[in-house]
Amino acid sequence: MEGDCLSCMKYLMFVFNFFIFLGGACLLGVGIWVIVDPTGFREIVAANPLLFTGAYIMLAMGAMLFLLGFLGCCGAVRENKCLLLFFFVFILLIFLAELSAAILAFIFRENLTREFFTKELKKHYQGNNETDVFSSTWNSVMITFGCCGVNGPEDFETAPHFRLLHSDNVVPEACCQRELQTRYGAFVSKEDCLMGKDTYQNRQGCYTVILNSFETYVYLAGALAIGVLAIELFAMIFAMCLFRGIQ
């Protein structure tokens, strides 16, 4: 009876980790394709810091899941205590890292408020200065989402660096409407926009636009996060039970 339970646990462990292995391989493949694709998609990603960072995060997650699934499959099939122990330690570290991230996100949640982003934008934004990472990132966000500032164009009325560098402009170029909302999209009327004519500006603040864009995914992301943590917990239990059952 004990042998049957051990055999069942071994195959469950294999199937479970095989799916992790496949998921990691898919993420790894997509991440590599996005970064090295010669057809031009690489330039689009590289021009947007958010997409560029996301591609590398996808690559890292894919590699981690690929290795994790491989270790779990090999450890289960070969009934290798060393591989199972390494798998357990690896998934425990991931579990603790995710738990720490959740705790830190809760502790520093005030840094995600509208007031915080407004203060940071007014303090550091320099307009069309592409050598400044903060300004370049904000420009990419405003162009991509078709928004302006945190609350709207009025944010730039009291932004000291922007006013000093662009005293003739009411808003930065990134706030101007484009025929296509990309960095290289043609302006509807750049001059009228910079002079302050509302018709040619993106009037809605980025905080509201982004919040509305991701609102439907917040609960799904939370449910997935809880699901992943539960799966990792069960994986650790399976690994330790299998480890103890192997002679």
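It should be emphasised that the depicted structure is a prediction, and the values quoted were computed from it without experimental measurement.

1. Thoughts on the UniProt feature "transmembrane region" (unreviewed entry) in the protein
Consideration 1: Per the UniProt annotation, the sites labelled "transmembrane region" (unreviewed entry) are residues 12-36, 56-77, 84-108 and 217-243.
Consideration 2: Helix makes up 100% of residues 56-77 and strand makes up 0%, while its end C-alpha atoms are separated by 32 Å.

2. Digging into the pattern of salt bridges
Consideration 1: With the rule as written, the count across this model stands at 3 salt bridges.
Consideration 2: Ionic pairing is found between Asp 192 and Lys 197, a salt bridge with its closest N-O pair at 3.6 Å.
Consideration 3: With relative accessibility at 19%, the residue Asp 192 sits in the buried group.
Consideration 4: Judged by its relative accessible area of 42%, Lys 197 falls in the partly exposed class.
Consideration 5: Across the pair Arg 203 and Asp 198 runs a salt bridge, and its minimum N-O distance is 3.3 Å.
Consideration 6: Its relative accessible area of 45% is what places Asp 198 among the partly exposed residues.

3. A few points about the packing of aromatic side chains
Consideration 1: Counted by the stated rule, this structure contains 6 aromatic pairs.
Consideration 2: Three or more aromatic residues joined by ring pairs make a cluster, and in this case those are Phe 116, Phe 117 and Tyr 207.

4. Description of the state of the cysteines
Consideration 1: Overall, the coordinates contain 3 disulfides when judged by the stated rule.
Consideration 2: At a sulfur-sulfur separation of 2.0 Å, the disulfide partner of Cys 148 is Cys 175. An S-S torsion of about 85° defines the bridge between Cys 148 and Cys 175 as right-handed. Of the two residues, Cys 148 is situated in the loop between helix H6 (133-145) and helix H7 (160-165) and Cys 175 in the loop between H7 and helix H8 (190-195); the sequence distance between them amounts to 27 residues.

5. Here's the deal with the nonpolar core
Consideration 1: By size, the foremost hydrophobic cluster in this structure holds 20 residues, and its most contacted members are Leu 121, Tyr 125, Trp 138, Met 142, Phe 156, Cys 175 and Cys 206.
Consideration 2: Breaking this core down by element, the ones donating at least two residues are H6, H8 and helix H9 (206-245).
Consideration 3: In terms of residue count, the dominant contributor to this core is H6 (4 residues).
Consideration 4: Dropping the residues within four chain positions of it, Cys 175 is found in contact with Met 142, Cys 147, Cys 148, Gly 149, Phe 156, Cys 193, Gln 201 and Asn 202.
Consideration 5: In this structure, Met 13, Leu 68, Leu 84 and Ile 91 belong to the second largest nonpolar core, which totals 14 residues.

About the cut-offs
Residues numbered from 1 in each chain as written. Predicted model: local features only at pLDDT ≥ 70, side-chain atom pairs only at ≥ 80, totals over all residues. Heavy atoms only, no water. UniProt positions renumbered as here; feature names shortened; annotations may be inferred. Helix = DSSP H or I, 4+ residues; strand = E, 2+ residues; numbered from the N terminus. Salt bridge = Lys/Arg side-chain N within 4 Å of Asp/Glu carboxyl O. Buried < 20%, exposed > 50% of the residue type's maximum accessible area, 1.4 Å probe, protein only. Phe/Tyr/Trp six-rings, centres within 6.5 Å; stacked < 30°, edge-to-face > 60°. Disulfide = S-S within 2.5 Å. Core = buried A, V, L, I, M, F, W, Y, C linked by side-chain atoms within 4.5 Å. Contact = heavy atoms within 4.5 Å.

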